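Coordinate analysis (summary)
Letter by letter, the chains look like this.
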Amino acid sequence: MAVGNEFDLFMENIYKYTNIDLKKYKRPQMERRLTALRDKQGFQDFKPYFEALQKDQNLFHEFLDRMTINVSEFFRNPNRWEVVEQRLVPEVLKKNKKIKVWSAACSTGEEPYTIAMILNQYLPFSEIKVLASDIDDGAIARAKKGVYHQRSLQFVPPAYVSKYFKPLDNQQYAISEDVKKCVTFKKHNLLEEPFESDFDLIVCRNVIIYFTEQAKDLLYTKFSNALKPGGVLFVGSTEQIFSPQSFRFATYDTFFYQRQ
Ligand SMILES: C[S@@+](CC[C@H](N)C(=O)[O-])C[C@H]1O[C@@H](n2cnc3c(N)ncnc32)[C@H](O)[C@@H]1O
């Protein structure tokens, strides 16, 4: 079978097996990444690789790990988080006592914990609730553990490091239990499952870039519907929306879009 068709069949099999639709991700990068992984495991085509994935959980988790790309860090692009801390949160809290926030595609937890730390500048822990979701349960398990290498703390303000982290051995840091309790993690596929509604802020960063144009458009529409009027979508620093008005968004700040 020609290589292209073989990958098509693999995508169909993966969809039936996991409900993850690889066709909604940009093909060249995805095919390249997964072909390299398949080759590394010694399979010459995708059919036997898929059969092996079904039987071997380690192989399956390695596949999931490679297709999802879990790279994250606290306060990723720090000057964008200043907009959240200094403008957005105070504006919401002027109107309401509570703020409903979702970190969509939260990976290993750095992003929702960043949000919880920022909210704690204005609210006691008992009033902070952040929803955090990801397709990858391995990433969620690591998020719930809340232990990070010093590397991922490079942009955390020093005062926050001392307040919200406990140093462990080997340059590892544990996030405080108080911050952890603010975040509810759940497994969720953005491309297939329904969304909750009435959010003041949805943070979805560094995942939309992997999706096809069609999948992106559908996602922006779903995000727009999930926000309150006046609510804001915060995207990654390579993920500018080119015609925000088609999704009832106006630009709030660079990489922030406000639902009209
Ligand atoms: C590069 S990480 C981004 C983490 C964090 N948002 C940040 O910006 O640092 C991308 C995450 O998207 C998740 N992901 C990929 N496809 C997804 C989907 N269809 N639904 C939900 N999460 C998905 C991956 O599992 C991965 O954890």
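Treat the numbers as computed from the prediction; the structure is a model and nothing was measured.

1. Here we look at the side chain of Glu-110
You can see Glu-110 is positioned in helix H6 (residues 110-119). Despite being buried, Glu-110 has no salt bridge partner; Arg-142 is the closest side chain of opposite charge, sitting 6.7 Å away. Side-chain polar atoms of Glu-110 contact the side chain of Thr-108, separated by 2.8 Å.

2. Some words on helix H5 (residues 78-95)
Along its 18 residues, H5 runs 26 Å from first to last C-alpha, staying within 8% of the 26 Å computed at 1.5 Å per residue. Roughly 35 degrees is the biggest bend found in H5, and it falls at Leu-88, with proline Pro-90 one to four residues downstream. Of the residues making up H5, those classed as buried are Arg-80, Trp-81, Val-83, Val-84, Glu-85, Leu-88, Val-89 and Val-92. Against H6, helix H8 (158-164), strand E7 (199-204), strand E8 (227-235), strand E9 (249-253) and strand E10 (256-259) lie the buried residues of H5.

3. Regarding the sheet that holds strand E3 (residues 147-149)
One open sheet holds the 3 strands; their spatial order is E3-E5-E4, and the pairing between them is antiparallel. One side of each edge strand has no neighbouring strand; the edge strands of this open sheet are E3 and strand E4 (165-167). With direction set aside, neighbouring strand axes in the sheet form an average angle of 35 degrees.

4. What to know about the site of the ligand
Taken together, 20 residues sit near the ligand, with Tyr-25, Ser-72, Arg-76, Asp-134 and Asn-206 positioned nearest. At a separation of 3.4 Å, a nitrogen atom of the ligand approaches a polar backbone atom of Ile-135. One of the side-chain nitrogen or oxygen atoms of Asn-206 is found 2.7 Å away from an oxygen atom of the ligand. Considering the ligand on its own, with 610 Å² of exposed area, one finds that the protein chains cover 99% of that surface. Among the residues making up the shell around the ligand, the classes are represented as 8 nonpolar, 7 polar and 5 charged.

5. Points about the packing of aromatic side chains
All told, the structure shown has 29 aromatic pairs when counted by the stated rule. For the ring pair Phe-10 and Phe-63, a centre distance of 6.0 Å and an interplane angle of 90 degrees mean the geometry is edge-to-face. Here Phe-63 lies in helix H4 (residues 57-68) and Phe-10 lies in helix H1 (residues 3-18), a separation of 53 residues in the sequence. The interplanar angle of 80 degrees and the centroid separation of 5.0 Å between the aromatic rings of Tyr-25 and Phe-211 together place this pair among those described as edge-to-face.

6. Considering the packing of helix H3 (residues 46-55) against H4
Between H3 and H4, the shortest axis-to-axis distance is 5 Å and the interhelical angle comes to 115 degrees. Taken together, the axis directions place H3 and H4 in an arrangement best described as roughly perpendicular. The two elements H3 and H4 meet at a crossing, and its hand is left-handed. Counting all contacts with H3, which are made through Tyr-49, Ala-52, Leu-53 and Lys-55, the residues of H4 involved are Gln-57, Leu-59, Phe-60 and Phe-63. Within the contact of H3 with H4, the residues separate by chemical class into 6 nonpolar, 1 polar and 1 charged.

7. Examining helix H7 (residues 137-145)
In an α-helix there are 3.6 residues to a turn, and that puts residues three or four apart on one side. Listing the buried residues of H7 in full gives Ala-139, Ile-140 and Ala-143. Seen from one end, H7 has its buried residues packed into an arc of 100 degrees, which puts them on one side. Considering only its buried residues, H7 is in contact with H6, strand E2 (130-134), E3 and strand E6 (183-187). A distance of 2.9 Å separates the backbone nitrogen of Gly-138 from a side-chain oxygen at the start of H7, and that oxygen is part of Asp-136. Just past H7, the residue Gly-146 takes up positive phi, approximately 70 degrees.

The rules behind these values
The numbering scheme is per chain: residues are counted from 1 as the chain's sequence reads. Restriction of local features to residues with pLDDT of at least 70 applies here, the model being predicted, together with a cutoff of 80 or more for giving and counting side-chain atom pairs; totals for whole chains, interfaces and linings are based on all residues. The side-chain figures draw on all heavy atoms in the structure; neither hydrogens nor water molecules are used. Only DSSP runs of H or I reaching four residues or more are called helices, and only runs of E reaching two or more are called strands; each is numbered from the N terminus. Partly exposed describes any residue whose relative accessible area lies between the buried limit of under 20% and the exposed limit of over 50%, with all areas from a 1.4 Å probe on protein chains only and scaled to the type maximum. Counting rule for charge: Lys and Arg are taken as positive, Asp and Glu as negative, and neither His nor the chain ends is counted. Counted as salt bridges are all cases of a side-chain nitrogen of Lys or Arg within 4 Å of a carboxyl oxygen of Asp or Glu. By the criterion applied in these results, polar contacts are pairs of N or O atoms within 3.5 Å in which, for protein atoms, one can donate a hydrogen and the other can accept it, and in which residues neighboring in sequence qualify only through two side-chain atoms. Each residue after the first adds 1.5 Å to the expected span of a helix. Consider a residue and the seven residues that end there alongside the seven that start there; fitting an axis to each set, the bend is the angle between those axes. Any two residues whose heavy atoms approach within 4.5 Å are treated as being in contact. Following DSSP output, two strands are said to pair if at least two bridges run between them. Lines fitted to the C-alpha atoms define the axes, with helices restricted to the stretch that makes contact. Angles between their N-to-C directions range from 0 to 180 degrees. The cutoff for a nearby residue is simple: one of its non-hydrogen atoms must lie within 4 Å of the molecule or strand. Only the protein chains shown count as cover for residues, and the accessible areas themselves come from Shrake-Rupley with a 1.4 Å probe. Amino acid classes used here: Ala, Val, Leu, Ile, Met, Phe, Trp, Tyr, Cys and Pro are nonpolar; Asp, Glu, Lys and Arg are charged; the rest, including Gly, are polar. Whether two aromatic rings pair depends on their centres lying within 6.5 Å, for rings of Phe, Tyr and Trp, where Trp uses its six-membered ring; planes under 30 degrees apart make the pair stacked, over 60 edge-to-face, and the rest tilted. Throughout this description, any angle smaller than 35 degrees is read as roughly parallel, any larger than 145 degrees as roughly antiparallel, any in the 65 to 115 degree range as roughly perpendicular, and the remainder as oblique. Crossing handedness: left-handed means the near helix sits turned counterclockwise from the far one by under a right angle, and right-handed means the same turn made clockwise. In this description, the arc belongs to the directions extending from the helix axis to the C-beta atoms.

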